[in-house]
Each structure stands twice: as structure tokens, then as C-alpha cells.
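So you can see what is in the structure, the chains are spelled out below.
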Amino acid sequence: MRTPLLATLLAATLLAPAQAGTLTIESWRVDDKALWESTLIPAFQRKHPGVEVKFAPTAPTEYDSSLSARLTGGTAGDLIACRPFDVSLALYKKGHLEKLDGRPGMENFPASAKVAWQTDDGKDSYCMPMASVIHGFFYNKAIFRKLSLQPPRTEAELFTLLETVKKAGGIAPLALGTADQWEANQIVFTNLGPNYWQGEAGRKALIAGQAKFTDPAFEGVFELMSRLGAYLPKGASAQTYGDSQNLFALGRAAVYPAGSWDIAYFNQQGVEFGAFPPPVRKAGDKCFISDHTDIGMGINRKSKNKEDAQKFITWLGSQEFADLYTNKVTGFFSLSNHLIAVRDPVAKQMMDWRTQCGSTIRLNSQVLNRGTPPMENELWNVGAQVLNGKLAPKDAAARLQSGLAKWHKPAQ
């Protein structure tokens, strides 16, 4: 027999709305924690009051391994920040990520944005595209004014500029070192190269075995890098990424081969700088930029709160999120079809290149990293050696082609 009090409590329980659980976001973007907590999560909650969201990042160098362990152990968060291509593809193949095809919000992205988070055959999508980074060059406006320099449009103009700075003395033409190696690939080879291999056409030809690293379109980039080696700072082989940042921030270098992610850092340092796209080989050539798909978001297949997780994913595909992320995480650009007014002047410069130039992604990101050692590591190494004058361009190209042919059937 129920007591009146028990019956009252039971009725209240049945009539009360279900309490939303807390969503936890896994990410490697530690630097974005304050932004998520102060801006992005509150914006989502205004649309979905009652849904608690926690941003729980892991250091970038530890993210992949620790996330994999948590997913396997069933302790990972509900929402998973996705790296592009193979790392996230492996998570999907292991059953850790939900399939997102047809989910609300996905319709706001072009096919080119989705490819970084799809199976090789393009049939399954498993992460919502969030943002890309764009490669180019920053230049110190004060130095350019002092030496009467203009942003170069062609390779010939670039080398004239670098030579002028070198002869002036006291200032490095390029803020670039090779100690960390990764810059040689991600902000030099992948930055300058698309103008040689014609962006997506050349990247896809290499995957299909219709092009080789020993072709002029690829070997020529190493020849260009070899020439740039003459304009590196003294002691460049011992210069780290942080050293290069400091050199440019202190006004001791004229040009900084860049990724758009560095805009916020130099803004904080009070540098007066602009940006120019990778110079074309000769006047009138079509230009290409590396507009690299960098971050997406997926749903943990074992999430206990998939309904709210889907609400969050849908919001990530909205105009509101695209505008907030592009303008608050300066240098990261929404991949959606929404029209966005970019407020930072350098970020706007770089985003506008999309309308002027063909866009592509980093050459080796799709498929080509699956050998041992990964092509990413090989490109770091050979690129740094070419810049240092320790490896001839033709030998760099031959080494990469030989390594690719060992495991990639179309290259054999």
C-alpha cells in the first residue's frame, strides 16, 4: 500500500523533466580552454539551457595516445576533437566514433571539407568539420617601409626582396630555422609546393601513381627551398620554432614563413605585420594555397548522452559557431559554406586568398602517411637537410619516391 507522501513523490518524479547529463569535450587545443568556457559553451547553452558542457583538453603531444586509451577503457568524453585523416580514421575503424552522414549541420559543408574525416571511399563521415589553417608568409611592415619593399607576387620578386634585406645587413631575410624540422615541411614545402604541383591535381596524381616525387613539379620545390637556404639566419640549424617566432616578433627578421595559427601570437606581441600568399613561379600563373583541414568534432559511440551530443554537433555546423570560432580563434577558419565577416585584418587577408587562388591540403595528409616511417617524418627530415644545404634536391626527391614505392602499390 502506498502512503500519500510516497504517491506524491512518485507523481512529482514522473512529471519532472529529464535532467540533461554533462557533455565532456576531448581536445588537444589546450590554448582554447578559456575561449570554450567563456564564449563558445555559453553561446551553445543559450540555445540549449540545461545542457552542461565541460571542455577537458589534453596536451597535444599526449592527446592521441591518451584519448585512444580512454576510448578503449570506456572513460573518454562524449565529444571528440578530431585530427584530420588517418588518426581519426583509425578511431572510426575501431568503432569509437559515430557515423554522421545525414545528421543536421553536415549539409553546411562542401565535399572538400568533409574528406579529411571520411573513409577512403567517401561513404562514411565520422566528424563534423570545424576549421582549417592557411599557409603563407608574414612580413614586418616597418622593415618593408624602411627598405622600400613591396610584398612579392612572383619568385623573382621574392628573391630580389630577400637579397635586398641581406645586403642591408643587421636583419635576417627569413625568420626560419631547422632544429625542429617540422617547419621545413608544414610551412615551407607544403606552403610553396602547391604552385608547382597545381594544388589538388598534383596531390591526387601522386596518390594515384600518375605522378612521382622525381617529376619537375615536386623536385622543383626542393630546388626552390635549396635557394632559400642562403637567406636563413646565422645558426639556422640550431634555431627552433620558438626562436623563429621571437626573431620576427622582435623585428629582427623581415619575412616569416607562416601558418595562420601564428596570427594571434604576433598580435599579442604588438608586431605590425601583413601577409602575402606563396609567390607564383612567373607573372600570370594561377596561384594555389594550402588551406589545410585541421580540426573536426565527432561523437563517442559509447557516450551515455548522445542526444545532447548531437545537439552540440548540430550547433557546430551553424552560422553562429562559424562566426564565433573564426573571429575568436584567430587564424583558424571555418570550413562551412556560411558567409563570415572576418574582423582581424591579417586573418581576413589570408581568408580572402580562397577567392583568388585554388585551395589544397597538405600533400601527404591523405593516404601517403601510411608507410614506415610515415612520409610526414621523411618530409621533415629531407626538407630540413635541403634548407641546410646538406641534401641535393634531386636526392631528396629520389629518397621520397623510393620510400613511397616500397609500400604504395600505385607508386611501384
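Throughout, residues of each chain are indexed from 1 in the direction in which the sequence is written. For a predicted model such as this one, the threshold for reporting local features is a pLDDT of at least 70, and the threshold for listing and counting side-chain atom pairs is 80 or more; totals across whole chains, interfaces and linings nevertheless cover every residue. For the side-chain quantities, the full set of heavy atoms in the structure was used; hydrogens and water were omitted.

**Student:** Explain the layout of surface pockets residue by residue, including any values.
**Tutor:** Each pocket or cavity is described by its volume, and for the largest pocket that value is around 1,600 Å³. Along the walls of the largest pocket sit 39 residues, with Trp28, Pro60, Arg83, Gln186 and Asp294 positioned nearest its centre. Elements with a contribution of two residues or more to the lining of the largest pocket: α3 (60-73), α4 (86-93), α8 (182-192), α13 (263-268), β8 (288-299) and α17 (375-387). Considering only residue class, the lining of the largest pocket consists of 16 nonpolar, 12 polar and 11 charged. The volume enclosed by the second largest pocket comes to roughly 590 Å³. A cavity, in this analysis, means grid points on a 1 Å lattice covering only the protein atoms where a 1.4 Å probe fits yet has no way out; a pocket is instead an open set bounded by protein on both sides within 12 Å along at least five of seven lines, and a residue lines either one if it has an atom within 4 Å of a point. Lining the second largest pocket we find 27 residues, and of these Ser112, Asp291, Leu335, Arg354 and Ser359 sit closest to its centre. Grid points are joined across faces, edges and corners, and a volume is the space filled by probe spheres set on the points. Strands here are runs of E lasting at least two residues and helices are runs of H or I lasting at least four, both read from the DSSP assignment and numbered beginning at the N terminus. When residue character is reported, Ala, Val, Leu, Ile, Met, Phe, Trp, Tyr, Cys and Pro are called nonpolar, Asp, Glu, Lys and Arg charged, and the others, Gly included, polar.

**Student:** Now, about the packing of helix α11 (residues 216-228) against α17: what can you tell me, with residues and values included?
**Tutor:** Every axis in this analysis is a line fitted to C-alpha atoms, fitted for helices over the stretch in contact. Angles between the N-to-C directions lie between 0 and 180 degrees. Closest axis-to-axis distance for the α11/α17 pair is 7 Å, and the angle between their directions is 45°. In terms of axis orientation, α11 runs oblique to α17. Facing Phe222, Met225, Ser226 and Leu228 of α11, the residues of α17 in contact are Leu379, Val382, Gly383, Val386 and Leu387. In terms of residue class, the contact of α11 with α17 is made up of 7 nonpolar, 2 polar and no charged. For classification purposes, an angle smaller than 35 degrees is called roughly parallel, one larger than 145 roughly antiparallel, one from 65 to 115 roughly perpendicular, and anything else oblique. Only heavy atoms matter for contacts: two residues are in contact if any of them lie within 4.5 Å across the pair.

**Student:** Hey, could you go over the state of the cysteines for me, with residue numbers and the actual values?
**Tutor:** Cysteine sulfur pairs qualify as disulfides if the two atoms are within 2.5 Å. Counted according to the given criterion, the structure contains 2 disulfides. Between the sulfur atoms of Cys82 and its disulfide partner Cys127 the distance amounts to 2.1 Å. Torsion about the S-S bond of the Cys82 and Cys127 cystine: about -75°, corresponding to left-handed handedness. On the criterion of sequence distance, the pair formed by Cys82 in strand β3 (residues 79-82) and Cys127 in the loop between α5 (111-114) and β4 (128-140) is long-range, its members being 45 residues apart. Since its relative accessible area comes to 1%, Cys82 is described here as buried. There is a disulfide in this structure between Cys287 and Cys357, and the S-S distance comes to 2.0 Å. With the S-S dihedral at roughly -95°, the linkage between Cys287 and Cys357 falls on the left-handed side. One end of the pair, Cys287, is in the loop between β7 (273-276) and β8; the other, Cys357, is in the loop between α16 (345-356) and β10 (358-360), with 70 residues separating them in the sequence. Relative accessible area decides the class of each residue, using a 1.4 Å probe on protein chains only: under 20% of the type maximum gives buried, over 50% gives exposed, and in between gives partly exposed.

**Student:** Which residues make up the pairing of strand β6 (residues 253-259), and what are the values?
**Tutor:** Taking burial as the measure, the 7 residues of β6 include 7 buried ones, the bulk of the element. For β4 and β6, the ladder comprises 5 bridges, and the chain directions are antiparallel. Residue pairing in the sheet places His135 in a bridge with Gly259 of β6. Criterion used throughout: strands pair if DSSP finds at least two bridges between them. In terms of strand pairing, strand β5 (residues 172-174) meets β6 through 2 bridges, oriented parallel. Across the sheet, the residue bridging to Ala172 is Ala253, located in β6.

**Student:** Outline the pattern of salt bridges, supporting the account with residue identities and numerical values.
**Tutor:** The term salt bridge refers to a pairing of a side-chain nitrogen on Lys or Arg with a carboxyl oxygen on Asp or Glu at a separation within 4 Å. Here the structure, examined in full by the defined rule, presents 19 salt bridges. Put simply, Glu157 and Arg153 hold a salt bridge, and the shortest N to O gap is 3.2 Å. Asp395 is paired through a salt bridge with Lys394; the nearest N and O atoms lie 3.4 Å apart. Residue class for Lys394 comes out exposed when judged on its relative accessible area of 51%.

**Student:** Could you give an account of the packing of helix α2 (residues 33-47) against helix α15 (residues 319-328), naming the residues involved and the relevant values?
**Tutor:** How two helices pack is summed up by the angle between their axes together with the distance between the axes. Where α2 contacts α15, the two axes come as close as 11 Å, and the packing angle between them is 170°. By the angle class used here, α2 and α15 are roughly antiparallel. On α15, the residues touching Leu35, Trp36, Thr39, Leu40, Ala43 and Lys47 of α2 are Glu320, Phe321, Leu324, Tyr325 and Lys328. In the contact of α2 with α15, the residues fall into 7 nonpolar, 1 polar and 3 charged.

**Student:** Go over the packing of aromatic side chains, please, and point to the residues and values.
**Tutor:** Side-chain rings of Phe, Tyr and Trp, where Trp is taken by its six-membered ring, are said to pair if the distance between their centres is within 6.5 Å; with planes under 30 degrees apart they count as stacked, over 60 as edge-to-face, and otherwise as tilted. Summed over the entire model, instances satisfying the criterion amount to 28 aromatic pairs. Centre to centre, the rings of Trp182 and Trp261 are 6.4 Å apart; their planes meet at 40°, and the pair counts as tilted. Taken together, the residues span a long stretch of sequence, with Trp182 in helix α8 and Trp261 in the loop between β6 and α13 at a distance of 79 residues. Owing to a relative accessible area of 17%, Trp182 belongs among the buried residues under this scheme. With a centroid separation of 5.0 Å and an interplanar angle of 85°, the aromatic rings of Tyr256 and Phe266 are classed as edge-to-face. With a gap of 10 residues between them, Tyr256 in strand β6 and Phe266 in helix α13 connect regions that are remote in the sequence. Put simply, the rings of Trp36, Phe44, Phe55, Phe312, Trp315, Phe321 and Tyr325 pair up and form one aromatic cluster.

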